[in-house]
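Understanding the architecture of this molecule
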Amino acid sequence: MTLDSFVYEALPMRVVFGAGSIGHLPEEARRLTLRRVLVLSTPDQRELAERASDLLGDTAVGVFDRARMHVPRETVIAAEGSAEKLGADGCVAIGGGSTIGLGKALALRLGLPVLAVPTTYAGSEMTPIWGITDNARKQTGRDRSVLPRTVVYDPELTLSLPVAISATSGLNAVAHAVEALYAPDGSPVITAMAEQGVRDLAAALPAIGKHPSDPTARTAALRGAWLCGACLGATAMGLHHKLCHVLGGKLDLPHAETHSIVLPHVAAFNLPAVPRARAALARALHDDDPVAALKSLARGLGAPLRLSELGVRESDLRAVIDEVLTGPYANPRPVGRAELEQLLAEAL
Ligand code: NAD
């Protein structure tokens, strides 16, 4: 991609953003002509799902509160059973990437339209990427039919997101933007969104660390997460996402924490090869040294900084490197075994 020659394809979705916008759920369900909605959540967010169900009134036919990390196949089958029994014609997925992932699985298998209400900064609601885990193997794919039709972003729903999860989830979002800045299928639209997304999150996350209920900071963080999620949905991700996917899958590591640890290391490796991306990040982070700025952002937020903090051992790394080397992915700098060994040793 250069700024003079590119392809840009907008993804069709409606975004409703603002404090209190959960109140628009009934109207948004009506716009999608939904009459029998199944509300999805994790067990922890059951109360919120019931609130959504109450708002939807007769349009809600049930709550399925068993969404789990990595979308296990057995959970999908159970949710499908509920949807079919209740005659659902759509679902409202209210929660983080795990719940929205379950909604996408129902869209893929039953064709149910998804109305997403994200409550973390992971960005899944903006992408046509689905994943289902079977016997510890996560199968993923891209399919337009899983893209939520409407996304309702209500910053008030993120006030309860614990500071530690806000930090790692926010850094997970920043990683989408960093890789979009050097993606081969980027464009000026994506570059502008990525830069602004990082700017919003880098300003908001430290403020949330100090005052978790600050509505202005929560609004800026969620707006940044939306922009970064849109970057993830529109471009091919590189070494960072590949590494996190393999590390998470092979070693069963927590998603957002893995992203926040790995990001500065991949940025240090890739940014020298992409001066335009480096300059955009420097502007967004208000620092001539964007790698140092990413590290100090993570440190200031109290996010984990080393893979060893997640229990990774040196002896785990060979299998990770082998798998990264077997699957192709886009990256601005060629990566071989020696580079991966050095990068992961530093991240450890
Ligand atoms: P998550 O959805 O697993 O949520 C983490 C925990 O936080 C859950 O217990 C949840 O109930 C709780 N929680 C969520 N919002 C809350 C709130 N506002 N207040 C209090 N508690 C809240 O975590 P995540 O990081 O959002 O999502 C991670 C998953 O999403 C991973 O499986 C990842 O692979 C997937 N993901 C997919 C895509 C995609 O494009 N397909 C993109 C990003 C992430």
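Residues numbered from 1 in each chain as written. Predicted model: local features only at pLDDT ≥ 70, side-chain atom pairs only at ≥ 80, totals over all residues. Heavy atoms only, no water.

1. Some thoughts on the packing of aromatic side chains
Across all of its chains, the model carries one aromatic pair by this definition. Over the aromatic face of Phe269 sits the side chain of Arg333, whose NZ or CZ is 4.0 Å from the ring centroid. (Phe/Tyr/Trp six-rings, centres within 6.5 Å; stacked < 30°, edge-to-face > 60°. Lys NZ or Arg CZ within 6 Å of the ring centre and 35° of its normal.)

2. So, the side chain of His241
Secondary-structure assignment places His241 in helix α8 (residues 239-251). By relative accessible area, which is 14% here, His241 ends up buried. Separated by 2.9 Å, the side chains of His241 and Glu179 make a polar contact. Setting aside residues up to four positions removed in sequence, His241 forms contacts with Ala175, His176, Glu179, Leu232 and His259. (Helix = DSSP H or I, 4+ residues; strand = E, 2+ residues; numbered from the N terminus. Buried < 20%, exposed > 50% of the residue type's maximum accessible area, 1.4 Å probe, protein only. Polar contact = N/O pair within 3.5 Å; in protein donor to acceptor, adjacent residues only side chain to side chain. Contact = heavy atoms within 4.5 Å.)

3. Description of the site of the ligand
Surveying the vicinity of the ligand reveals 22 residues, the closest of which are Thr42, Ser98, Thr119, Thr120 and Thr127. A distance of 2.8 Å separates an oxygen atom of the ligand from a polar backbone atom of Gly97. A distance of 3.5 Å is found between a nitrogen atom of the ligand and a side-chain nitrogen or oxygen belonging to Lys104. Contact with the protein chains covers 84% of the free accessible surface of the ligand, which is 860 Å². For the shell around the ligand, the element with the highest residue contribution is helix α4 (residues 97-110), accounting for three residues. Partitioning the shell around the ligand into residue classes produces six nonpolar, 13 polar and three charged. (Near = heavy atom within 4 Å. Areas by Shrake-Rupley, 256 points an atom, 1.4 Å probe, with all protein chains shown as cover. Nonpolar A, V, L, I, M, F, W, Y, C, P; charged D, E, K, R; others polar.)

4. Quick notes on the nonpolar core
Counting 95 residues, the largest nonpolar core has Leu40, Tyr121, Leu239, Leu243, Leu271, Leu307 and Leu344 as its most contacted members. Take this core: its biggest share by element is ten residues, from helix α7 (residues 215-234). A domain-level breakdown of this core finds at least three residues from each of domain 1 (14-158) and domain 2 (163-347). Here Leu307 is in contact with Leu247, Leu253, Ile261, Val262, Val312, Leu344, Ala347 and Leu348, once residues within four sequence places are set aside. Judged by nonpolar contacts, the second largest core, of 19 residues, contains Val16, Ala29, Val39 and Val152. (Core = buried A, V, L, I, M, F, W, Y, C linked by side-chain atoms within 4.5 Å. Domains from an automatic or database assignment.)

5. Section: the sheet that holds strand β3 (residues 60-64)
Sheet strands pair by backbone hydrogen bonding; their relative direction is either parallel or antiparallel. What the six strands build is an open sheet, ordered β1-β8-β5-β4-β2-β3; its pairing is parallel. Both edges of this open sheet fall to β1 (14-17) and β3, since each of them pairs with a single strand only. Ignoring which end each strand starts from, the neighbouring axes of this sheet average 15° apart. As paired elements, strand β2 (residues 37-40) and β3 share four bridges and run parallel to each other. (Pairing = 2+ DSSP bridges. Axes fitted to C-alpha atoms, helices over the stretch in contact; angles between N-to-C directions.)

6. Examining helix α2 (residues 46-56)
By the burial criterion, the buried members of α2 are Leu48, Ala49, Ala52, Ser53 and Leu56. Take α2 and look down its axis: the buried residues cluster within an arc of 145°, on one side only. Of the exposed residues in α2, the ones pointing more than 90 degrees away from its buried face are Glu47 and Asp54. Contacts from the buried residues of α2 go to α1 (25-31), β2, β3 and β4 (90-95). (Arc of directions from axis to C-beta.)

7. Notes on the side chain of Lys104
In this fold, Lys104 is placed in helix α4. Nearest to the buried, unbridged Lys104 among oppositely charged side chains is Glu125, at 7.3 Å. (Lys, Arg positive; Asp, Glu negative; His and termini not counted. Salt bridge = Lys/Arg side-chain N within 4 Å of Asp/Glu carboxyl O.)

8. Focus: the packing of helix α5 (residues 163-181) against α8
Following both chains from N to C, one finds α5 and α8 inclined at 140°, their axes separated by 9 Å at the closest point. What the angle tells us is that α5 and α8 run oblique. Within the contact between the two elements, α5 uses Ala175, His176 and Glu179 and α8 uses Leu239, His240 and His241. (Parallel < 35°, antiparallel > 145°, perpendicular 65-115°, else oblique.)

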